[in-house]
Protein chains: 2
Amino acid sequence: MGGSFALAMKKAGLVKRVVGYSKSPSTTQRALKMGVIDVEAPSALLAASGADLVLIAVPVAAIEATLKSIKHILTPETLVMDVGSTKRNVVDAARRVLKDQVGVFVAAHPIAGKELSGVEHADVTLYANKQVIITPIERTQTAQLTKATALWEALGCQVLKMSPEAHDSAYAAVSHLPHLIAFAMMNAITDQPNGREYLSLAGMGFRDFTRIAASDSKLWTDVLMANKQELLAQSRHFQKALQALERLMQAEQTDQLEHEIDRASLTRAQWKMTQRK
Amino acid sequence: MGGSFALAMKKAGLVKRVVGYSKSPSTTQRALKMGVIDVEAPSALLAASGADLVLIAVPVAAIEATLKSIKHILTPETLVMDVGSTKRNVVDAARRVLKDQVGVFVAAHPIAGKELSGVEHADVTLYANKQVIITPIERTQTAQLTKATALWEALGCQVLKMSPEAHDSAYAAVSHLPHLIAFAMMNAITDQPNGREYLSLAGMGFRDFTRIAASDSKLWTDVLMANKQELLAQSRHFQKALQALERLMQAEQTDQLEHEIDRASLTRAQWKMTQRK
């Protein structure tokens, strides 16, 4: 996410100099070699020092520690953003750590990404024609909010504003639960005696359905835990819907089953047409 | 499925004349116009009359009736195939209807398809580099089996033979259950007060995960019902795996959760590499 952002900012002519820091020296070295960053910093603090814009692209559970390590060099003009998949916990962390300075932080979630993490998969076009959700709070500075919006729009994004809570409910339903299901599906199959054989027979429907199951386990453990309550609530909705279909099958109520499937099918077909993704 | 088969057979030079029949006159008219068929027949019987090869591309619940309507003109040299997603019920229907002639029938399931049905989506490349499962029984004629295998291979398919039972277990796991889940997911979201808003926020992960939910409801009601027992058994495996992940979340056992997700992620990443689909 961070690498793609740096490449896109450079291409749009919005940055002069990108300073990078990663816990893993091999990441910053690869980023330098790929031209994703111009300079390698020995710490998050030194990377953020003197920056107009700080983008924190780390797993959501590491955002609080990262904010702590840079808070002493932030000025009222700095814009700080994250790109995490959950927003309530991130905004809470920003409030706790930044206190009076929290106005410089704009929580952001670009609806873009790949199942492959790491700077080696940085892609200059990742954010083009995507949505970005930003979740400002009352204390967010207007200047920072305007700057953040303009910046994502310059990268080709459609910017939507909502509360951290509304964000987390929506993405529990349309992102976190699909990931949880895809992970469970892979384990359910491989734990069966013939599971490996079953997998060798799977086709393109399975390929697309389970693509997100290849996502990074550390990153997604953090996301699922950070949005646990909303996710478990969505999972209950889903299991109810699944069991309703199962009951129709068991009762051989095929007309009613077809009606329920038709409802799902129409919604999905219409969604595709309106989204153009 | 049938339209794509006709186009591919023509392109491979394997057929001289394709005679088409559909219950819906608009389908055969469109097929004629698109060059998918050469001649339109007024009934299944007349379409199959004098044919070397009969391909039955109808929902699995309609295969038995179709076999009944053509059985009187079959010769010992005819090859009859279906392309249905379940095989035990199809083979049973063929046994019931064709009796002593059942040897001319080769049950087939090409692992190819789209969420969009209908001759207007016929695609000459649909079967290229795909797997086809054929499920012969003891009474299947060697001549028909050899011909069926050669024919799918000529269309660029890899042909696998297995029992109807083994087929139905495997595809309950890797195809029918993913469809059932995708349908349930769409209904679970739209039945919530903010469901439509949630859908408008969904990204590419959701797009791929739910693609199969747009599948034809009539066709899939038939498939799910035809493989009900195996499907319900797979759904139990899946719900157990899902609930195991939920319990780890609730107990805040994040290391164990990460381990389980990592297992899923690695399996899926490796699958992608070996399949090249």
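The structure displayed is predicted, hence computed values, not measured ones. (Residues numbered from 1 in each chain as written. Chains lettered and ligands numbered in written order. Predicted model: local features only at pLDDT ≥ 70, side-chain atom pairs only at ≥ 80, totals over all residues. Heavy atoms only, no water.)

(A) Main features of the domain arrangement of chain A. Residue and element names in this part refer to chain A. Here chain A is partitioned into domain 1 (2-163) and domain 2 (167-275). A buried area of about 1400 Å², summed over both sides, lies between domain 1 and domain 2, and 59% of it is on carbon and sulfur atoms. Applying the counting criterion to the domain 1 and domain 2 interface returns 5 residue pairs in polar contact (both at pLDDT 80 or more). Elements supplying a minimum of two residues to the side of domain 1 that touches domain 2: helix H5 (88-98) and strand E7 (131-134). A class-by-class count of the residues in the side of domain 1 that touches domain 2 yields 6 nonpolar, 8 polar and 3 charged. (Domains from an automatic or database assignment. Buried area = accessible area lost by both parts, 1.4 Å probe. Polar contact = N/O pair within 3.5 Å; in protein donor to acceptor, adjacent residues only side chain to side chain. Helix = DSSP H or I, 4+ residues; strand = E, 2+ residues; numbered from the N terminus. Nonpolar A, V, L, I, M, F, W, Y, C, P; charged D, E, K, R; others polar.)

(B) Expanded view of the interface of chain A and chain B. Between chain A and chain B, the contact holds 83 residues from the first and 83 residues from the second. Summed over both sides, the interface of chain A with chain B buries roughly 8200 Å², with 65% coming from carbon and sulfur. When residues of chain A are sorted by the area they lose upon contact with chain B, A:Leu201, A:Met249 and A:Arg268 head the list and together hold 9% of the total. Joining chain A to chain B, the criterion identifies 6 salt bridges. (Contact = heavy atoms within 4.5 Å. Salt bridge = Lys/Arg side-chain N within 4 Å of Asp/Glu carboxyl O.)

(C) Representation of the nonpolar core in the model. Counting residues in each nonpolar core, the largest one holds 122 residues, and the members touching the most others are A:Phe238 and B:Phe238. Sequence-distant contacts of B:Phe238, that is, excluding residues within four places in its chain, are made with A:Ile181, A:Ala184, A:Met185, A:Ala188, A:Phe238, A:Leu242, B:Leu177 and B:Ile181. (Core = buried A, V, L, I, M, F, W, Y, C linked by side-chain atoms within 4.5 Å. Buried < 20%, exposed > 50% of the residue type's maximum accessible area, 1.4 Å probe, protein only.)

(D) Region of interest: helix H4 (residues 63-70) of chain A. Residue and element names in this part refer to chain A. Considered for burial, the residues of H4 that qualify are Ile-63, Thr-66, Leu-67 and Ile-70. The buried side chains of H4 occupy one side of the element, clustering within an arc of 100° when seen end-on. Buried-residue contacts for H4 involve helix H3 (44-48), strand E3 (53-56), strand E4 (79-82), H5 and strand E5 (105-106). (Arc of directions from axis to C-beta.)

(E) How the structure looks around the sheet that holds strand E3 (residues 53-56) of chain B. Residue and element names in this part refer to chain B. In space, the 3 strands of this open sheet follow the order E3-E4-E5, with parallel pairing throughout. The open sheet has two edge strands with one neighbour each: E3 and strand E5 (105-106). Helix-sheet contacts for helix H6 (residues 142-154) involve E3, strand E4 (79-82) and E5, and the interaxial angle to E4 is about 55°. (Pairing = 2+ DSSP bridges. Axes fitted to C-alpha atoms, helices over the stretch in contact; angles between N-to-C directions.)

(F) Local environment of the pairing of E4(A). Residues and elements named next belong to chain A. Here E4 shows two buried faces, one formed by Leu-79 and Met-81 and the other by Val-80 and Asp-82. Two strands pair when backbone bridges link them, and E4 and E5 are joined in this way by 2 bridges, in the parallel orientation. Residue pairing across strands places Val-80 opposite Phe-105, the latter belonging to E5. Taken together, E4, H5 and E5 constitute a β-α-β crossover, and its handedness is right-handed. (Right-handed = clockwise from strand over helix to strand, strands pointing away.)

(G) Region of the structure containing the relation of the copies chain A and chain B. Here chain A sits on chain B after a turn of 180° about the axis and a move of 0.0 Å along it, with an RMSD of 0.0 Å. When the rotation and shift are considered jointly, the pair of chain copies conforms to a two-fold rotation axis. By C-alpha distance to the rotation axis, the residue of chain A lying nearest is A:Phe209, at 2.0 Å. Comparing interface residues between copies, 100% of those in chain A also sit at the interface in chain B, which points to an isologous, same-surface contact. (Least-squares fit on C-alpha atoms with pLDDT ≥ 70 in both.)

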